[in-house]
Amino acid sequence: MKQYTPMIQQYLKVKAEYQDAFLFFRLGDFYEMFFEDATKASQLLEITLTSRDGGSTEKIPMCGVPYHAAAGYIEQLIDLGHKVAICEQTEDPKQAKGVVRREVVQLITPGTVMEGKGLQDKENNYLAALFAFSNETYGLAASDLSTGENKVTSLSSLDEVMNELATLQVKEVVIQANLDSTIQHQLRERLAVTLSIEEGNSEQEAFIPLMQNVNQSELRQVVSLLFSYLHRTQKRSLDHLQPVEHYNVYQFMRIDQYSKRNLELTETIRSKGKKGSLLWLLDETMTAMGGRLLKQWIDRPLIQQDQIERRLTMVQTLISSFFERQELREQLKEVYDLERLAGRVAFGNVNGRDLVQLKKSLQQIPLLKQILSQINNQEISELTNNIDPCEELTDLLERALVDHPPLTIKEGGMIQEGFHAELDTYRDASRNGKTWIANLEREEKERTGIKSLKIGYNRIFGYYIEITKANLNALDDSRYERKQTLANCERFITPELKEKEAMILQANEKMVELEYALFLELRESVKEYIPRLQQLSHLVSELDVLQCFATVSEMRHYVRPILTKGRELVLKDGRHPVVEKVMDSQEYVPNDCEMNAEREMLLITGPNMSGKSTYMRQVALTAILAQIGCFVPAAKAELPIFDQVFTRIGAADDLISGQSTFMVEMLEAKNAITHATNQSLILFDEIGRGTSTYDGMALAQAIIEYIHDKIGAKTLFSTHYHELTVLEEELAQLKNVHVQAVEQNGRVVFLHKIKEGAADKSYGIHVAELAELPKELIKRANEILKGLEEKGQQQESHTKNQQVKEEQVAVEVEKEAAQLSFFQEKVAVSPEPTSKDSKIIEELRKFDLLEMTPLDAMNALYALQKKVKK
Ligand code: ADP
């Protein structure tokens, strides 16, 4: 180390403490990075890598970003899961003896971002801490630094930990170094989170008041671990942190992460985006806070009837109070993100504009209360009464701030006149001074007769009187003292000008200084209100979600669900909420669903693409909507309260996303079977499909029997194994239903209508035949199928793998054939094949289906369809 220059030595010393972060080392107007940080960052950020002398023989790699543009670069690194330590000069370089003192002032990590792109308005950004007390007990604490929300829970398996972290969309987990390495590995691999090591977990005095709801000493440890990390990395006031809420995942409906994904609750499977999800359908919230709460509610449906009814009643009231709801929506639109504003006030990074936003938001609250008071409902009145408009704060902000303050807080222009007498005096002085100068200019022009005479200002000479060279001879004044000669003019000063100048400049300087001080004072005053603002924000967001439910329910003609204590589930004219919205409601075919003590399981058969999985999901989504307190898409709905929902979708769907393995299918099935109770809802879509026919069928049957006899959960089971429909005779609570398909003018039409009983044994190829696919093709498909079935019977002579592959193909052939029928319908529009048609038919004929993987088949079909569509 000795060979390095003192500055590099200083760098290395700081860097040693922040090994896992990029160290942004402040040098003048730049943040510089050195050594390995520089090499890595230059690649990640695509900035030029240079080098500098640092005292040793070799040059040190270096790269840097300008101070004013650093935010964007920091965001990029954080987005990639890295951390950034900000190291600032902490003494005035002019006063420093030797190297300027520098210190890390903040460590920014994926879980602790406070601003920028990383922070979505309608999403929380949780940092979690995890403690393993034993194999069966884990403590998990989570904190959203931007909103100040904190919570803790205990979980009884690693799977649950993973589920919870996935639900909270945690990007960073704080652990102790001695946490089991397999757990660490799993966290990294399965959830791709950034792991941060923190050792200190003793309770710090400042945080104790936040832990009043946490009694178990183990949970206090994990909360302390989280707070220690926040304290160590953020190095600033965290006054906005809210008391830790102790929650229990078993007090909500549980839906594991796979099922959440399958049901597309908050994002779609394919695009991973919000669009197309239940959240997207529901999001009629008007505020960012409401948007975040909506997501939390969807993630955690309720299981206590009184809580659900409370929400439903408020939604019902809001539906019937149409005009009040419209007004409420208008008011809410004007309410900014109070929760995050409060966080930034505590953090010390609000500016005048933020406080104006706060003022405007608070100004809406009395109106909001007034609107709500017109609604006659006990629950809503209670909520309204709890809303505290923080009037003194509104008043203070109204008096203190101008309407359009600048972005910076160091150049004045924020504080309103009349707020502070001394500030007003300086302002007068400055303003009068300027008027005086304008007057002087006019007088001097008149007196000297020089029209082009002007008074200007620059930083070096201050105020001056400028006269062009051509006019100099007209000047005859001993008070004019020459200050500066330029190419075509001369600049002068006079004693009066100097005197006024001093006054103006001093007033300006004092004004800016005083404004800054007043602003900080104002910020401190706002800080006092943080808990009240947070409370207000909770109530406003609840109202927002309730009005959102009312708005969607009314718009989409949903009904209030009736929650039953018995085993009945009755949906009349039920719809899949998202498919209905996407499709244009006219085409959607509503379906009934009836389940009860005699009908606990429905075995659903029907051709591919007929609507089996849509039907199953519709039932699950309806149950979830009901339990979050929203009305549901049906003409009538009666449901029990489910404790858990499990789903497993067919392997074929996974093939598209490229991640299918039969193992995943079985793991998900196991998850459902081991955790479901008779209060649960299970959806199994084409289970057993990922393996050979007999294998798959055997498994499917065994699973059905197991659920039927041992669990008694309400179950919807769709299958292409027609053979399974005989189970209805053996299993008392199992009933067959099927999706209807009819032949119309020689074509198959899927009615998407669920009917009692099993479908007749006609799937892919049969349907394809009805759809008049070329006879030759049908014949060939039948041959292939026959061959495969024969081969299946001589199982011994085949290796298992081969067979699995072939059977999969057979299944896919069926499915493709069914899909081809759609295509055929399109081709069949003109009775005489055109040359384009015959080309396409020719291409079809050439397909060697046995040699194709399902994915190939899908692609080929896609290409053909494209041609037809042209
Ligand atoms: P399956 O599971 O039987 O293969 P899906 O449930 O995936 O079929 O449905 C296939 C398509 O049929 C859906 O994407 C949807 O467009 C349409 N569909 C399904 N159910 C309905 C319905 N009830 N009304 C109208 N269209 C439907």
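Residues numbered from 1 in each chain as written. Predicted model: local features only at pLDDT ≥ 70, side-chain atom pairs only at ≥ 80, totals over all residues. Heavy atoms only, no water.

- In the annotation of an unreviewed UniProt entry, the entry for the protein chain reads DNA mismatch repair protein MutS, and the organism field reads Bacillus kandeliae.
- In the Function (unreviewed entry) part of its UniProt record, the protein chain is described as follows: "This protein is involved in the repair of mismatches in DNA. It is possible that it carries out the mismatch recognition step. This protein has a weak ATPase activity."
- Database annotation for the protein chain, UniProt heading Sequence similarities (unreviewed entry): "Belongs to the DNA mismatch repair MutS family." (UniProt positions renumbered as here; feature names shortened; annotations may be inferred.)

### Thoughts on the pattern of salt bridges
And then number 1: In the structure shown here, the tally under the stated rule is 44 salt bridges.
And then number 2: Its salt-bridge partner being Lys 151, residue Glu 149 comes within 3.2 Å of it at the nearest N-O pair.
And then number 3: A relative accessible area of 13% places Glu 149 in the buried class.
And then number 4: The exposure class of Lys 151 is buried, given its relative accessible area of 6%.
And then number 5: We note a salt bridge from Glu 203 to Arg 220, for which the minimum N-O separation is 2.8 Å. Residue Glu 203 is found in the loop between β11 (194-197) and α6 (217-234), and its partner Arg 220 is found in helix α6; the two are separated by 17 residues along the sequence.
And then number 6: Take Glu 203: its relative accessible area is 36%, and that puts it in the partly exposed class.
And then number 7: Residue classification places Arg 220 among the buried residues on the basis of a relative accessible area of 18%.
And then number 8: Connected through salt bridges with shared partners, the residues Glu 444, Arg 447, Arg 479 and Glu 496 form a single ionic network. (Salt bridge = Lys/Arg side-chain N within 4 Å of Asp/Glu carboxyl O. Buried < 20%, exposed > 50% of the residue type's maximum accessible area, 1.4 Å probe, protein only. Helix = DSSP H or I, 4+ residues; strand = E, 2+ residues; numbered from the N terminus.)

### What about the pairing of strand β24 (residues 681-685)?
Two faces make up the sheet, and in a regular strand the side chains alternate between them.
And then number 1: Counting buried positions along β24 yields five of five residues, so the element is predominantly enclosed.
And then number 2: The alternating pattern of β24 places Leu 681, Leu 683 and Asp 685 on one face and Ile 682 and Phe 684 on the opposite face, and all of these are buried.
And then number 3: In this sheet, β24 lies alongside strand β23 (residues 644-648) in parallel orientation, the contact comprising four bridges. Following the sheet pairing, Arg 648 is matched in β24 by Phe 684.
And then number 4: Bridge analysis of β24 against strand β25 (residues 714-718) gives five bridges, and the strand direction is parallel. Paired with Phe 684 across the strands is Phe 717, a residue of β25. (Pairing = 2+ DSSP bridges.)

### Remarks on the nonpolar core
And then number 1: In this structure, Leu 282, Leu 355, Leu 358, Leu 393 and Phe 549 are the most contacted members of the largest nonpolar core, which totals 104 residues.
And then number 2: Sort the elements by how many residues they give to this core and helix α18 (residues 530-555) lands first, with twelve residues.
And then number 3: Look past the residues within four positions of Leu 355 in its chain and what remains in contact with it is Val 345, Val 350, Leu 397, Leu 401, Phe 519, Leu 522 and Val 526.
And then number 4: Judged by nonpolar contacts, the second largest core, of 41 residues, contains Tyr 4, Ala 21, Phe 25 and Cys 87. (Core = buried A, V, L, I, M, F, W, Y, C linked by side-chain atoms within 4.5 Å. Contact = heavy atoms within 4.5 Å.)

### Looking at the pairing of strand β7 (residues 127-134)
And then number 1: As paired strands, β7 and strand β8 (residues 137-144) are joined by seven bridges and run antiparallel to one another. Within β8, the position partnered with Leu 127 by the bridge is Ser 143.
And then number 2: The hairpin turn running from β7 into β8, its antiparallel successor, is two residues long.
And then number 3: The pairing of β7 with strand β10 (residues 172-175) spans three bridges and is parallel. Within β10, the residue paired with Ala 128 across the bridge is Val 173.

### Thoughts on the sheet that holds strand β22 (residues 636-640)
And then number 1: Judged by pairing direction, the sheet is mixed, and its four strands sit side by side in the order β18-β22-β19-β20 without closing on themselves. Of all strands in the sheet, those with a lone pairing partner are β18 (562-564) and β20 (591-595), marking the two edges. With direction set aside, neighbouring strand axes in the sheet form an average angle of 20°.
And then number 2: As defined by bridge partners, strand β19 (residues 569-574) adjoins β20 across four bridges and the pair is classed as antiparallel. By the bridge assignment for β20, Leu 569 is matched with Met 595. (Axes fitted to C-alpha atoms, helices over the stretch in contact; angles between N-to-C directions.)

### Topic: the packing of aromatic side chains
And then number 1: Counting across every chain of the model gives 14 aromatic pairs.
And then number 2: Seen from their ring centres, Tyr 457 and Tyr 463 are 4.8 Å apart, and the 55° between their planes marks the pair as tilted.
And then number 3: Look at Tyr 457 and you get partly exposed, because its relative accessible area is 41%.
And then number 4: Through a chain of ring-to-ring contacts, the aromatic side chains of Tyr 4, Tyr 11, Phe 25, Phe 34 and Phe 35 assemble into a single cluster.
And then number 5: One Lys or Arg, Arg 300, reaches over the ring of Phe 252 and ends 5.8 Å from the middle of that ring. (Phe/Tyr/Trp six-rings, centres within 6.5 Å; stacked < 30°, edge-to-face > 60°. Lys NZ or Arg CZ within 6 Å of the ring centre and 35° of its normal.)

### Here we look at a negative patch on the surface
And then number 1: Judged by side-chain charge, Glu 568, Asp 573, Asp 592, Glu 594 and Glu 598 come together as a negatively charged surface patch.
And then number 2: Along the chain, Asp 592 turns up in strand β20.
And then number 3: According to the relative accessible area criterion, Asp 592 is partly exposed, its value standing at 37%. (Patch = residues over 30% accessible without salt bridge, like charges linked within 9 Å, V, L, I, M, F, W, Y side chains within 5 Å. Areas by Shrake-Rupley, 256 points an atom, 1.4 Å probe, with all protein chains shown as cover. Lys, Arg positive; Asp, Glu negative; His and termini not counted. Charge placed at Lys NZ, Arg CZ, Asp CG, Glu CD.)

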